[in-house]
Amino acid sequence: MGTEPAGAEAEWPADLDVQRLLEEGWRPTPFREFVVKIHSRCNLACDYCYMYEMADQGWRRQPRLMSAATIDAVAERIAEHARSNGLERIELILHGGEPLLAGAASLRHAVTAVRSAVEPEVTVVAGVQTNGVLLDTDFLDLFRELDVRVSVSLDGDAQSHDRNRRRPGGQGSHDLVASGLRRLLQPRYRHLFAGLLSTIDLRNDPVATYEALLEFDPPGVDFLLPHGTWEAPPPGLPSNGAPYGEWLVTLFDRWYGAPVRETRIRLFNEIIRMLFGRPSRTEAVGLSPVAVAVVETDGSIEQVDSLKSAYDGAARTSLHVSRDTFDQTLMLPAIAARQIGRRALSAQCSECSVSGICGAGLYPHRYRAGTGFANPSIFCNDLFRIIDHIAGRVRADVGRLRESRTETRDEDRHRTSQDLDRQGSGDQK
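What you are looking at is a predicted structure, and each value in this text was computed from that prediction instead of being measured. (Residues numbered from 1 in each chain as written. Predicted model: local features only at pLDDT ≥ 70, side-chain atom pairs only at ≥ 80, totals over all residues. Heavy atoms only, no water.)

Draft legend 1. Summary view of empty space enclosed by the protein. For the structure on display, the rule yields 3 cavities of 30 Å³ or more. For the largest cavity, the calculated volume is near 160 Å³. Lining the largest cavity are 18 residues, and of these Gly 286, Leu 287, Ser 288, Arg 338 and Arg 366 sit closest to its centre. Counted as a void, the second largest cavity has a volume near 50 Å³. If you go around the second largest cavity, the residues you meet are Phe 31, Val 290, Val 292, Gln 303, Val 304, Ile 335 and Arg 338. Of the residues belonging to the lining of the second largest cavity, the class tally is 5 nonpolar, 1 polar and 1 charged. (1 Å grid on protein atoms, 1.4 Å probe; cavity = no way out; pocket = protein on both sides within 12 Å on 5 of 7 lines; lining within 4 Å. Points joined across faces, edges and corners; volume = space filled by probe spheres on them. Nonpolar A, V, L, I, M, F, W, Y, C, P; charged D, E, K, R; others polar.)

Draft legend 2. Geometry of unusual backbone geometry. For the bond running from Trp 12 to Pro 13, omega is 15°, close enough to zero to count as cis. Take Pro 13: it is sitting in the segment before helix H1 (18–23). Omega for the bond connecting Gly 96 with Gly 97 falls within 30 degrees of zero, at 20°, which places this linkage in the cis form. You can see Gly 97 is positioned in the loop between strand S2 (89–95) and helix H3 (104–117). Within the chain, Asp 147 stands out as a residue other than glycine whose phi angle is a positive 55°. Position of Asp 147 among the secondary structure elements: in the loop between helix H4 (137–146) and strand S4 (148–153). Overall, the relative accessible area of 37% leaves Asp 147 in the partly exposed class. Positive phi values are uncommon outside glycine, yet Ala 360 reaches one of about 70°. Inspection of the secondary structure puts Ala 360 in the loop between helix H13 (355–358) and helix H14 (380–428). On the accessibility criterion, Ala 360 (5% relative accessible area) is buried. (Helix = DSSP H or I, 4+ residues; strand = E, 2+ residues; numbered from the N terminus. Buried < 20%, exposed > 50% of the residue type's maximum accessible area, 1.4 Å probe, protein only.)

Draft legend 3. Seen up close, the side chain of Arg 273. Relative to the helices and strands, Arg 273 resides in helix H9 (residues 266–275). The residues contacting Arg 273, other than those within four sequence positions of it, are Arg 278, Pro 279 and Arg 281. (Contact = heavy atoms within 4.5 Å.)

Draft legend 4. Structural detail: the pairing of S4. Taken across its 6 residues, S4 has 5 buried, putting it largely inside the fold. Looking at chain direction, strand S3 (residues 123–130) and S4 are connected through 5 bridges and run parallel. Its bridge partner lying in S4, Gly 127 is registered against Arg 149. Relative to strand S5 (residues 193–199), S4 runs parallel, the two being bridged by 4 bridges. The residue of S5 that forms the bridge with Ser 151 is Gly 195. (Pairing = 2+ DSSP bridges.)

Draft legend 5. Structural view of the sheet that holds S5. Spatially, 9 strands are ordered S7-S6-S5-S4-S3-S2-S1-S8-S9 in an open sheet, and the strand pairing comes out mixed. At either end of the open sheet lies a strand with only one pairing partner, and these are strand S7 (264–265) and strand S9 (301–302). Set on the sheet, H3 makes contact with S2, S3 and S4; between it and S2 the angle comes to about 165°. (Axes fitted to C-alpha atoms, helices over the stretch in contact; angles between N-to-C directions.)

Draft legend 6. Region of the structure containing the environment of Arg 83. Tracing the backbone through its elements, the reader meets Arg 83 in helix H2 (residues 68–85). Taking relative accessible area as the criterion, Arg 83 reaches 45% and is therefore assigned partly exposed. Here the alpha-carbon distance between Arg 83 and His 389, two residues 306 residues apart in the chain, equals 43 Å. Not counting residues within four places of it along the chain, the set of residues in contact with Arg 83 comprises Ala 117 and Glu 119.

Quick look at the structure:
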């Protein structure tokens, strides 16, 4: 399980001088995504879960359900932040635990409270991340009424999914999730489907996993590396080699080589965007500022919740919605560290040829006792492998496209020259 390391208060970025950053011209990026932990418990017992199975066991101290008063306080703080920073669009993500355990009334209150609190010109894009087990028509009718987008966790076919995503009694959950997804895919709800989240397990075949997910025609899939750190590496990761990178390479070739684009895969789309000079829109790769705040069921303001995989208290702050603002949260060293781009990279990462695209990977995966988060990702070799592979495929295609266009232009010039020659001959006659 683990507890907070004895020297964690001295590990990077605890000593990051935010005032000096401000004096040097850095300015924080306002939070645009608010993850609200509406319920702190879950109805599954997934063995890779960072909330319940890894270092931070703080969920045990949290109230099960976020109270109506806390929801109202969260809504006012979000509205305050939007006003002070001139935001026109924010994202509200209802999360857990399993958010559907909160019940329809609490979910409705959370969405309507935030939308009522913000200024009329602010768009609140609401979403829910669920394991899908409780996804029935009552919830779907609510989400259709409130225009709440639904993301569902699914790890592949029944065998692949049920390896890790089991019910408390040990039974698999795939059949229940699939039933929920089929309800979501009904015509009156289909527009609410935001996509699937799928955690990679090296025992699962990448192509078979992908094609099993395609059966639900998702608009997008977010393939997630399992959480791990230098202190507690993820399953099957050797000291050298890149098994997760090879898994992703096989998946990429299947996805990229399809005659038609079947769905978006977030990791691949973002890497390709960055290869063409665009900023990343995900914290998993790239150097874009992370603009996500998390609020626990008791109203505590936290960093991104995946940090719970690093050590006990890694995501914690001393702030609370009852007394503190989100603008204050932006001034914390741990928050600023996620927004300063290359200045947050370790020396090893700074010297790497793909650092601008990799960005040292997901922040929690960098943790090592003693140096904190000033390290490469535990998935360093894997990220290099997949980024290098994608870059090679894309550059080859761009090269062929340019060559084809050059040949076409040359052919057009040749035809034009011939036409002029024929026209000139005709004029002489």
